[in-house]
Amino acid sequence: EDKKCDEVYDVTGNFREPAWVEAQLPRQENHCDCGVFLLEYVEKFLTTIAQSPPPSPVKAFKRPSWNFGQRDMSAKRKELHRLILDLGSDED
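Just so we're clear, the structure is a prediction, and the values are computed from it rather than from any experiment.

Caption draft 1: Fine view of the overall build of the chain. Secondary structure assignment for the chain yields three helices and zero strands. Listed by position from the N terminus, the elements making up the chain come as α-α-α. Relative to its 92 residues, the chain shows a buried fraction of 23%. Just so you have it, the chain exposes about 7,400 Å², and 55% of that area is on carbon and sulfur atoms.

This is how it looks when you write it as structure tokens:
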């Protein structure tokens, strides 16, 4: 059962415990790609929200369009590397 988590505070101003959602997300298969996976999750989450805002941010984690996995991490690292180099060259 989904709990609504649109607000952190209730109408009386008291802190409301956020809902926990067990999402079916891709998982890393090693011990070194957690940061890359996290960045991919954030990118997918924000892209999903921007393209089609769900009624609640919690719902975005239930969308099945996040089709990535360990096989994609090498390309993601290269993409991040290029992005960092590009950002550094903009400083010149």
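Caption draft 2: Structural context of helix α1 (residues 34-51). With 18 residues, α1 extends 26 Å from end C-alpha to end C-alpha; this agrees with the ideal 26 Å at 1.5 Å per step. What α1 keeps buried is the set Val36, Phe37, Glu40, Tyr41, Phe45 and Thr48. The arc enclosing the buried residues of α1, seen along the axis, measures out at 170°, which places them on a common side. More than 90 degrees from the buried face of α1, the exposed residues found are Leu38, Leu46 and Ala50.

Caption draft 3: Representation of the pattern of salt bridges within the structure. Considering all chains together, one arrives at six salt bridges under this definition. Here lysine 76 ties to glutamate 40 by a salt bridge, and the two come within 2.9 Å at their closest N and O atoms. Here lysine 76, found in helix α3 (residues 73-90), pairs with glutamate 40, found in helix α1; they are 36 residues apart in sequence, far enough to count as distant. Per residue, the accessibility class of lysine 76 equals that of glutamate 40, and both read buried. The partner of lysine 76 in a salt bridge is glutamate 79, and the shortest N-O contact between them spans 3.4 Å.

Caption draft 4: A look at the side chain of glutamate 40. Glutamate 40 gets classed as buried once you look at its relative accessible area, which sits at 8%. Sequence-distant contacts of glutamate 40, that is, excluding residues within four places in its chain, are made with Phe68 and Lys76.

Caption draft 5: Spotlight on the nonpolar core. In terms of nonpolar packing, the biggest core is built from seven residues, these being Val36, Phe37, Tyr41, Phe45, Trp66, Phe68 and Met73. When residues of this core are assigned to their parent elements, the largest contribution, four residues, is made by α1. With residues up to four places along the chain from it excluded, the contact list for methionine 73 reads Asp33, Val36, Phe37 and Phe68.

Cut-offs and rules
Residues numbered from 1 in each chain as written. Predicted model: local features only at pLDDT ≥ 70, side-chain atom pairs only at ≥ 80, totals over all residues. Heavy atoms only, no water. Helix = DSSP H or I, 4+ residues; strand = E, 2+ residues; numbered from the N terminus. Buried < 20%, exposed > 50% of the residue type's maximum accessible area, 1.4 Å probe, protein only. Areas by Shrake-Rupley, 256 points an atom, 1.4 Å probe, with all protein chains shown as cover. Expected span 1.5 Å × (residues − 1). Arc of directions from axis to C-beta. Salt bridge = Lys/Arg side-chain N within 4 Å of Asp/Glu carboxyl O. Contact = heavy atoms within 4.5 Å. Core = buried A, V, L, I, M, F, W, Y, C linked by side-chain atoms within 4.5 Å.

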